[in-house]
Amino acid sequence: QVQLVESGGGLVQAGGSLRLSCTASGRTLRNYVMGWFRQAPGKEREFVAALSDGATTYADSVKGRFTISGDNAENTVYLQMSSLIPEDTAAYYCAAVPGYYSILYYNKVGRYDYWGPGTQVTVSS
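Calculation criteria
- Residues numbered from 1 in each chain as written.
- Predicted model: local features only at pLDDT ≥ 70, side-chain atom pairs only at ≥ 80, totals over all residues.
- Heavy atoms only, no water.
- Salt bridge = Lys/Arg side-chain N within 4 Å of Asp/Glu carboxyl O.
- Helix = DSSP H or I, 4+ residues; strand = E, 2+ residues; numbered from the N terminus.
- Buried < 20%, exposed > 50% of the residue type's maximum accessible area, 1.4 Å probe, protein only.
- Patch = residues over 30% accessible without salt bridge, like charges linked within 9 Å, V, L, I, M, F, W, Y side chains within 5 Å.
- Areas by Shrake-Rupley, 256 points an atom, 1.4 Å probe, with all protein chains shown as cover.
- Pairing = 2+ DSSP bridges.
- Axes fitted to C-alpha atoms, helices over the stretch in contact; angles between N-to-C directions.
- Disulfide = S-S within 2.5 Å.

Attention shifts here to the pattern of salt bridges. Enumeration over the complete set of coordinates arrives at 4 salt bridges. Here Asp88 and Arg38 are joined by a salt bridge, their closest N and O atoms 2.9 Å apart. Of this pair, Asp88 sits in the loop between β8 (76–81) and β9 (90–98) while Arg38 sits in strand β4 (residues 32–39); the two residues are 50 residues apart in sequence, bridging distant segments of the chain. A relative accessible area of 6% places Arg38 in the buried class. Here Arg65 ties to Asp88 by a salt bridge, and the two come within 2.7 Å at their closest N and O atoms. Remark: Asp88 occurs in the loop between β8 and β9 and Arg65 occurs in the loop between β6 (55–58) and β7 (66–71); sequence separation between them is 23 residues. According to the relative accessible area criterion, Arg65 is buried, its value standing at 17%. The network of salt bridges with shared partners includes Arg38, Glu46, Arg65 and Asp88.

Structure (structure tokens):
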């Protein structure tokens, strides 16, 4: 079992930055794919970014503004968000799954086994 807990959410003005953290317990993340997803009110949960063994992939809507990274020693994955816009407002969720395929495969909600409870990000205009 893997337990995930997100932190770092909050209220930020448009153009600002936030760094989200996702800390795992129960298993080392070394052989796992780590993903970030987000869900705005009334909308479906959508893919943001994924990381596996140094490979990364991003949703087009965040490419160039968000960066996913990991610290194996801390068992933590980060999402650095810059140039935030009001459309980035959502609950952000961390997810994990043992990795077997190309990183490009892991851009769907249903492909992850473990989820954190989420952290809220609100971007004001």
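Still to come is the rest of the account.
Here we take up a nonpolar patch on the surface. Residues Tyr100, Tyr101 and Tyr105 make up a contiguous nonpolar surface patch of about 400 Å² in total accessible area. Tracing the chain through its elements places Tyr105 in the loop between β9 and β10 (114–115). Tyr105 gets classed as partly exposed once you look at its relative accessible area, which sits at 33%.

For sheets, the rule is that strands pair by backbone hydrogen bonds, running either parallel or antiparallel. Taken in spatial order, the 4 strands of this open sheet run β1-β3-β8-β7, and their pairing is antiparallel. The outermost strands of the open sheet, each flanked by one partner alone, are β1 (3–7) and β7. Each neighbouring strand pair of the sheet contributes to a mean axis angle of 15°, computed without reference to strand direction.

What follows deals with the state of the cysteines. Throughout the structure, instances matching the rule amount to 1 disulfide. The partner cysteine of Cys22 in its disulfide is Cys94, sulfur to sulfur 2.0 Å. On the sign convention where negative is left-handed, the bridge of Cys22 and Cys94, at about -75° about the S-S bond, is left-handed. Linking Cys22 in strand β3 (residues 18–25) with Cys94 in strand β9, this pair joins segments that are 72 residues apart in sequence. Both residues of the pair, Cys22 and Cys94, belong to the buried class.

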